[in-house]
Amino acid sequence: MKLSTFFYRYKFYIISSICLLLWLLFFDRSNLIKQAEMYFMLRDINSEILYYEDEIKKLEKEEKDLLGSEAAMEKYAREKYFLKKEGETVFVLVDGDDKVITE
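Peer 1: Break down the overall build of the protein for me, citing the residues and quoting the values.
Peer 2: Along its length, the protein carries four helices and zero strands. What you see in the protein, going N to C, is helices and strands ordered as α-α-α-α. Scaling as 2.2 N^0.38, a compact globule of 103 residues should have a C-alpha radius of gyration of about 13 Å, whereas the protein reaches 32 Å, well beyond that. Judged by the C-alpha coordinates and their principal axes, the protein covers about 100 × 35 × 25 Å. Within the protein, buried positions represent 3% of all 103 residues.

As structure tokens, this is what we get:
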């Protein structure tokens, strides 16, 4: 069977298949292009979820360490919020860009 006779014999099915494929690729409400975009967006969101879950675990560990003892809470308050005891003087060092030097 020649190729031209094959196309002539099954042209309805070939044209219908091409039209369906075009419809699914471009015109359908949930076309394949949107499906691909949503897949990549989902992948990015899942990676953000993993990042924030790790950050939450770090913060929970830090909270557990801080709330474990009063000395640790005092040290944290002094370093982060520049709190001081009565009669003490606190010197805050700032670099050229007005950022606090923490080291």
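Next comes the rest of the description.
Peer 1: How would you summarise a nonpolar patch on the surface if you had to cite specific residues and measurements?
Peer 2: A contiguous nonpolar surface patch, about 890 Å² in accessible area, is contributed by I18, L20, L22, W23, L24, F26, F27, L32 and I33. Those elements giving two or more residues to the nonpolar patch turn out to be helix 2 (11-27) and helix 3 (32-68). Top element by residues in the nonpolar patch is helix 2. It accounts for seven residues. As for its placement among the helices and strands, F27 is situated in helix 2.

Peer 1: Can you explain the side chain of N31? Please cite residues and give values.
Peer 2: When you line up the elements, N31 lands in the loop between helix 2 and helix 3. A distance of 3.1 Å separates a polar atom in the side chain of N31 from the backbone oxygen of F26.

Peer 1: An account of the packing of helix 3 against helix 4 (residues 70-81) is needed here, citing residue identities and associated values.
Peer 2: Contact pair helix 3 / helix 4: the axes reach a minimum separation of 5 Å and the direction vectors enclose 115°. Contacts from E62, D65, L66 and L67 in helix 3 reach A72, M73 and Y76 in helix 4. Of the residues that constitute the contact of helix 3 with helix 4, the class distribution is five nonpolar, no polar and two charged.

Peer 1: A description of helix 3 should follow, citing residues and the corresponding values.
Peer 2: Spacing of three or four residues puts side chains on the same side of an α-helix, whose turn is 3.6 residues. The first and last C-alpha atoms of helix 3 sit 54 Å apart over 37 residues, in line with the 54 Å expected at 1.5 Å per residue. The opening residue of helix 3, the one whose side-chain oxygen lies 3.3 Å from the backbone nitrogen of I33, is N31.

Reading guide: rules and limits
Residues numbered from 1 in each chain as written. Predicted model: local features only at pLDDT ≥ 70, side-chain atom pairs only at ≥ 80, totals over all residues. Heavy atoms only, no water. Helix = DSSP H or I, 4+ residues; strand = E, 2+ residues; numbered from the N terminus. Rg over C-alpha atoms; globule rule 2.2 N^0.38 Å. Buried < 20%, exposed > 50% of the residue type's maximum accessible area, 1.4 Å probe, protein only. Patch = residues over 30% accessible without salt bridge, like charges linked within 9 Å, V, L, I, M, F, W, Y side chains within 5 Å. Areas by Shrake-Rupley, 256 points an atom, 1.4 Å probe, with all protein chains shown as cover. Salt bridge = Lys/Arg side-chain N within 4 Å of Asp/Glu carboxyl O. Polar contact = N/O pair within 3.5 Å; in protein donor to acceptor, adjacent residues only side chain to side chain. Axes fitted to C-alpha atoms, helices over the stretch in contact; angles between N-to-C directions. Contact = heavy atoms within 4.5 Å. Nonpolar A, V, L, I, M, F, W, Y, C, P; charged D, E, K, R; others polar. Expected span 1.5 Å × (residues − 1).

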